Amino acid sequence: MSFSLKTRQESINYLKDHSVDVLIIGGGITGAGLALQTAASGMSTALVEMQDFAEGTSSRSTKLVHGGIRYLKTFDVEVVSDTVSERANVQKIAPHIPKPNPMLLPIYDEPNNTFSLFSLKIAMGLYDQLAHVTGTKYENRVLTKEEVLEASPYLAKENLLGGGIYLDFKNNDARLVIENIKKANEDGAHLLSKTKVTGFIYDENNKISGVHVVDVLTNETYDIHADVVVNTTGPWSDTIRGLSNDETIVGQMRPTKGVHLVVDYDKLPVTQPVYFDTGLSDGRMVFVIPRENKTYFGTTDTDYTGDLMHPTVTQEDVDYLLKVVNNRFPDRNIRLSDIEASWAGLRPLLSGNAGSDYNGGSKDSLSEESLDLVIQSVKEFEAGNGSKEVIEQTIKDAKTSSGEKQVSSSSVSRGSSLDVTKDGLVTLAGGKITDYRLMAEGALKVIASLLKEQKNKNYKLVDSKNYPVSGGEFDATKVEEMTQEFTKLAIASGLTEEEAADIANLYGANTKKVLAYDTTEFDGLTKAESMSLMYSLEEEMTLTPVDYSLRRTNYLLFKRDRLEEIKDALVNAMSHYFEWTQEEESNYKNELEKAMSESFLEELKTEG
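Predicted model, so just to flag it, every value in this text is computed and none were measured. (Residues numbered from 1 in each chain as written. Predicted model: local features only at pLDDT ≥ 70, side-chain atom pairs only at ≥ 80, totals over all residues. Heavy atoms only, no water.)

Trainee: It is not clear to me how the overall build of the protein should be interpreted in this structure. Could you clarify?
Mentor: Within the protein one finds 20 helices and 20 strands. Against the compact-globule benchmark of 25 Å for 608 residues, the protein has a radius of gyration of 24 Å, which places it among compact chains. When the backbone C-alpha atoms are referred to their principal axes, the protein occupies close to 65 × 60 × 50 Å. Sequence-distant contacts, at least 24 apart, represent 73% of the contacts inside the protein between residues at least 6 apart. Element-wise, carbon and sulfur atoms account for 47% of the exposed surface of the protein, whose accessible area totals about 24,600 Å². (Helix = DSSP H or I, 4+ residues; strand = E, 2+ residues; numbered from the N terminus. Rg over C-alpha atoms; globule rule 2.2 N^0.38 Å. Contact = heavy atoms within 4.5 Å. Areas by Shrake-Rupley, 256 points an atom, 1.4 Å probe, with all protein chains shown as cover.)

Trainee: What should I look at first to understand the packing of helix 12 (residues 479–492) against helix 13 (residues 497–507) in this one?
Mentor: Between two packed helices, both the angle of their axes relative to each other and the distance between the axes serve to describe the pair. At a minimum axis distance of 8 Å, the contact between helix 12 and helix 13 shows a crossing angle of 130°. Relative to helix 13, the element helix 12 is oriented oblique. Judged by the twist between their axes, the crossing of helix 12 over helix 13 is right-handed. Where helix 12 approaches helix 13, its residues Thr483, Phe486, Thr487, Ala490 and Ile491 are matched on the opposing element by Glu497, Ala500, Ala501, Ala504 and Asn505. Residue composition of the contact of helix 12 with helix 13, grouped by class: six nonpolar, three polar and one charged. (Axes fitted to C-alpha atoms, helices over the stretch in contact; angles between N-to-C directions. Parallel < 35°, antiparallel > 145°, perpendicular 65-115°, else oblique. Left-handed = near helix turned anticlockwise from the far one by under 90°. Nonpolar A, V, L, I, M, F, W, Y, C, P; charged D, E, K, R; others polar.)

Trainee: Would you explain the pairing of strand 7 (residues 160–166) in this entry?
Mentor: Taken residue by residue, a regular strand's side chains alternate between the two faces of the sheet. Buried residues dominate strand 7, accounting for six of its seven residues. When strand 5 (residues 103–108) meets strand 7, the two strands line up antiparallel, connected through six bridges. Bridging from a neighbouring strand, Leu105 pairs with Gly164 of strand 7. Alignment of strand 6 (residues 141–144) against strand 7, held across four bridges, turns out to be antiparallel. Bridging from a neighbouring strand, Val142 pairs with Gly164 of strand 7. (Buried < 20%, exposed > 50% of the residue type's maximum accessible area, 1.4 Å probe, protein only. Pairing = 2+ DSSP bridges.)

Trainee: How should I be thinking about helix 18 (residues 560–578) in this particular structure?
Mentor: Because an α-helix packs 3.6 residues into every turn, residues spaced three or four apart end up facing the same way. Maximal helix bending in helix 18 amounts to about 55°, located at Ile566. If you check which residues of helix 18 are buried, you get Arg560, Leu563, Ile566, Lys567, Ala569, Leu570, Val571, Ala573, Met574, Ser575 and Phe578. The inward-facing, buried residues of helix 18 abut helix 1 (5–17), helix 15 (527–539), helix 16 (545–552), helix 17 (555–558), helix 19 (582–599) and helix 20 (602–607). Two residues or fewer after helix 18 comes Glu579, characterised by a positive phi angle close to 60°. (Bend = angle between axes of the 7 residues up to and from the residue.)

Trainee: How should the packing of aromatic side chains be read in this particular structure?
Mentor: How two aromatic rings sit relative to each other is given by the distance of their centres and the angle of their planes. The final tally for this structure, using the stated rule, is 14 aromatic pairs. A ring pair is formed by Tyr296 and Phe558, whose centres lie 5.6 Å apart and whose planes are at 35°; its orientation type is tilted. Of this pair, Tyr296 sits in strand 16 (residues 294–298) while Phe558 sits in helix 17, and the two are 262 residues apart along the sequence. Within the aromatic cluster, the residues linked to one another by ring pairs are Tyr577, Phe578, Trp580 and Tyr588. For Arg328, the ring lying beneath its charged end belongs to Tyr108, and the centroid distance is 4.0 Å. (Phe/Tyr/Trp six-rings, centres within 6.5 Å; stacked < 30°, edge-to-face > 60°. Lys NZ or Arg CZ within 6 Å of the ring centre and 35° of its normal.)

Trainee: Is there a simple way to think about the pairing of strand 13 (residues 256–264) in this case?
Mentor: Burial analysis of strand 13 places eight of its nine residues in the buried class, the great majority of the element. The pairing of strand 13 with strand 17 (residues 302–303) spans two bridges and is classified as antiparallel. Considered in strand 17, the bridge of Thr256 is made with Asp303. Of the strand pairs in this sheet, strand 13 and strand 18 (residues 341–347) are connected by seven bridges, and their pairing is antiparallel. Within strand 18, the position partnered with Gly258 by the bridge is Gly345.

Trainee: Where do I start with the pattern of salt bridges in this structure?
Mentor: Should the charged atoms of two oppositely charged side chains come close, the side chains can pair. Scanning the model with the defined rule gives 38 salt bridges in all. Here Arg551 makes a salt bridge to Asp52, at a shortest N to O gap of 2.7 Å. Here the residue Arg551 occupies a position in helix 16, and Asp52 occupies one in the loop between strand 2 (45–48) and strand 3 (64–65), the gap between them amounting to 499 residues. Given the relative accessible area of 3%, Arg551 is considered buried. On the basis of relative accessible area, Asp52 is assigned to the buried category, the value being 0%. A salt bridge links Arg241 to Asp419; its shortest N-O distance comes to 3.4 Å. Of this pair, Arg241 sits in helix 7 (residues 237–241) while Asp419 sits in strand 19 (residues 416–420), and the two are 178 residues apart along the sequence. Under the relative-accessibility criterion, Asp419 is labelled partly exposed at 25%. (Salt bridge = Lys/Arg side-chain N within 4 Å of Asp/Glu carboxyl O.)

Following this line, the structure appears as structure tokens:
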């Protein structure tokens, strides 16, 4: 279904003259997931995003769908149970995006480790039970030192005790956003990127009834009217709340910055993701992840007070990550000059509580006696004489409070909040990618209640656990088989096996739609690249070369060499499609080159 610059203008024209049930501010994963659910429930829906969809936090994650195993350090069973359950829901509705990717976790004999070998074994056992993978090919394994080194030969040998392998999932964060957006579009939502909210509209009862916006592409200003306005702007949540007339609103966000660096696979060869303590006794853990013939590693987790729209990678960030990675992979000698790409993102953390996705967490401790009780309940469960509920209750009874204390930036809650201000602004904030569907479901119920109470409108809410995103409309229990089928279709269209597999994995059930553009040929691009680009222009609201190379595909992050070869052809193709002026073409080319330069850390390399 068409979702392009043309349909964008059609939506603008419609919204100038028509009020909608729901207006969502923010086009990251939270807003995209909510737009899917409101539109699927029959609510007239609009969404505005001041940048490209997913341009903020939602394209700058570690690109995993976590099970949250680190929460089991303090036996937060409920958190992990909820997380792995929700991960399974996401995998079901977007089966072409999250893919199983077992994680290696080495254990070193060092102070302040997240896990010991013993606690890791207990944690992985609980994790498998909660994730329902006990007895499957994805069941965890405890490894000896020799087995860890066999799995990842370049890891440091000194003080290595052993480790474990457990199930986790890789993710394509920006694609997850755009597939939710596309599904909402199919269901009639009006979805506008490059559209910035500048203020609220109030009715005679001093309730918010819409927003003033400016079209970033044309500088045109206009109003959008809605019964319910929802703020899903992540790190910008407080900024949008600050536009309200409600003077009782206080700030609730404490964003932290996370940085990731990309090197060639040969520079840091790992056959599977590796997750480890930094070895610096700072309470942090870092990932090293192979992807598309590259390896990336991260993340930092530091408080951020700078420009929310443009977080950057600093020399301090690079020094930290290189120190950590070279400590764990001492023979690889990775330097600044080896970095081929990078990204910096902000996490929309809520201030005041403990526990981020990656690091920190509660410092609560269990006594030896309490730990024995937990272990005994697990053993009884494994022997068939207990239940998960008994384990959870044992842990609840055993946990001790650590009291109120100041928390570090790597220990801020990744929980979410949902509230409605006196003037009617609904704000859904915090959370993490894994929970996006669940968060949206909670907001959907609040929106439905407000529409019923205030406007006497009734809607049957969608069962979003069983409502696939665009491209996910196939049997989630047969991902490998279906991906092979999509690949065969692409090969039959004249693509190489590698090109066909890339198309099938990127687009899932939409592979057929991509292949329908097989007559498109752009000079300087392969047939596969031409089809992909044309599909994204016609059906994915791609408006700039950076949109395409960074958030519709991963060229800028993981295919840097090829992007260098095709960047002029890409700009020329888009210029021809959009009929850009020479000045516009030059501006978009400069924007792409600037993004490439920044990702490549050219400024730091020049200074060095």
